[in-house]
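Below, each chain spelled out in residue letters.
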Amino acid sequence: MKQKLTRLLLSGVIAVAGLAFLNSPTLAAGGASSAVPAKKAVETAAEVKKTGAEAKGKVSGNEAAMALAKKSGCLGCHTVETKLVGPSWKDIAARYKGDSKAKATLIEKVKKGGKGNWTKVTGGVPMPPNSPKVPDADIEKLVDYVLSMAK
Ligand code: HEC
């Protein structure tokens, strides 16, 4: 009985020591070289989590808008997050954030096409006209959707 208790106590001590070791700054830092990627990984994980949560919050609206974007042919050149042929929609939203004329301007741009506004990002590739292939009402919805991505 006494022996059992000692063993139990001992394993408890080992477990605590193990935890302390895992939490120790030396290990957490992992040496100067691996400290940065480790931090990056954590940040990336946090970002993925955030994106997931964001997506969850407005799944229905996003899904409808993304389906419309796909149907309208936008996704051949745009993605939400990263530059494809055209700039990412989040970058567009960020640029026009707070600009009350943006909606009208961008509706015209998407209808008639445009170039020269994103040369640094695209290398100067133009956006061809999307009208009349895409109905005006859909273009308005799509521009609203793009602009809604501004934080
Ligand atoms: C063939 C490729 C292509 C397609 C299809 C396309 N775009 Fe673009 N889009 C671009 C490029 C390239 C630019 C950057 C043009 C520039 O530099 O001014 C752009 C720019 C934009 C801009 C920003 C315009 C500005 O002046 O800041 C918006 C908004 C946009 N696109 C929305 C859409 C929507 C909505 C659709 C679908 C109806 C669509 N695009 C289809 C290539 C495309």
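Note that the coordinates shown come from a computational prediction; the quantities given were computed from them, not determined experimentally.

About the thresholds
Residues numbered from 1 in each chain as written. Predicted model: local features only at pLDDT ≥ 70, side-chain atom pairs only at ≥ 80, totals over all residues. Near = placed C-beta within 6 Å. Helix = DSSP H or I, 4+ residues; strand = E, 2+ residues; numbered from the N terminus. Nonpolar A, V, L, I, M, F, W, Y, C, P; charged D, E, K, R; others polar. Axes fitted to C-alpha atoms, helices over the stretch in contact; angles between N-to-C directions. Parallel < 35°, antiparallel > 145°, perpendicular 65-115°, else oblique. Left-handed = near helix turned anticlockwise from the far one by under 90°. Contact = placed C-beta atoms within 7 Å. Core = buried A, V, L, I, M, F, W, Y, C linked by C-beta atoms within 7 Å. Buried ≥ 20, exposed ≤ 12 C-beta atoms within 10 Å, placed from the backbone. pLDDT = per-residue confidence, 0-100. Expected span 1.5 Å × (residues − 1). Arc of directions from axis to C-beta.

1. Considering the site of the ligand
Lining the immediate surroundings of the ligand are 29 residues, of which Cys74, Cys77, Gly86, Asn117 and Met127 lie closest. At the level of elements, helix 6 (102-112), helix 7 (119-122) and helix 8 (136-147) are the ones that each hand at least two residues to the shell around the ligand. Partitioning the shell around the ligand into residue classes produces 16 nonpolar, eleven polar and two charged.

2. Quick notes on the packing of helix 6 against helix 8
Interaxial distance between helix 6 and helix 8 falls to 9 Å at its minimum, and their mutual angle equals 125°. Accordingly, the angle class assigned to the pair helix 6 and helix 8 is oblique. Crossing angle aside, the handedness with which helix 6 passes helix 8 is right-handed. Contacts between helix 6 and helix 8 involve Ala102, Lys103, Leu106, Ile107, Val110 and Lys111 from the former and Ile139, Glu140, Leu142, Val143 and Leu147 from the latter. Residues belonging to the contact of helix 6 with helix 8 are distributed by class as follows: eight nonpolar, no polar and three charged.

3. Description of the nonpolar core
Counting twelve residues, the largest nonpolar core is built from Ala69, Cys74, Trp89, Ile92, Leu106, Val110, Val134, Ile139, Leu142, Val143, Tyr145 and Val146. Looking at this core, the elements with two or more residues in it are helix 5 (89-96), helix 6 and helix 8. With sequence-adjacent residues up to four places away left out, cysteine 74 is seen in contact with Ala69 and Leu142.

4. Some words on the environment of alanine 94
As for its position among the elements, alanine 94 is in helix 5. For alanine 94, a count of 13 C-beta atoms within 10 Å corresponds to the partly exposed category. Between the C-alpha atoms of alanine 94 and leucine 147, which are 53 residues apart in sequence, the distance is 8.0 Å.

5. Comments concerning the confidence of the model for the protein chain
Reading predicted coordinates in detail is not appropriate for stretches of low pLDDT. Residues of the protein chain with pLDDT of at least 70 account for 60%, and the chain-wide mean is 79. Note that pLDDT drops below 50 for residues 16-34; the model gives that stretch six contacts with residues more than four away or on any other chain.

6. So, helix 8
Between the first and last C-alpha of helix 8 there are 17 Å, a value that for twelve residues agrees with the 16 Å anticipated at 1.5 Å per step. Residues of helix 8 that are buried include every one of Ile139, Leu142, Val143, Tyr145 and Val146, and no others. Each buried residue of helix 8 lies within a common arc of 160° when the element is viewed along its axis, so the set occupies one face.

7. What about unusual backbone geometry?
Cis rather than trans, the peptide bond between serine 131 and proline 132 has omega equal to 5°. The residue proline 132 is located in the loop between helix 7 and helix 8 in this model.

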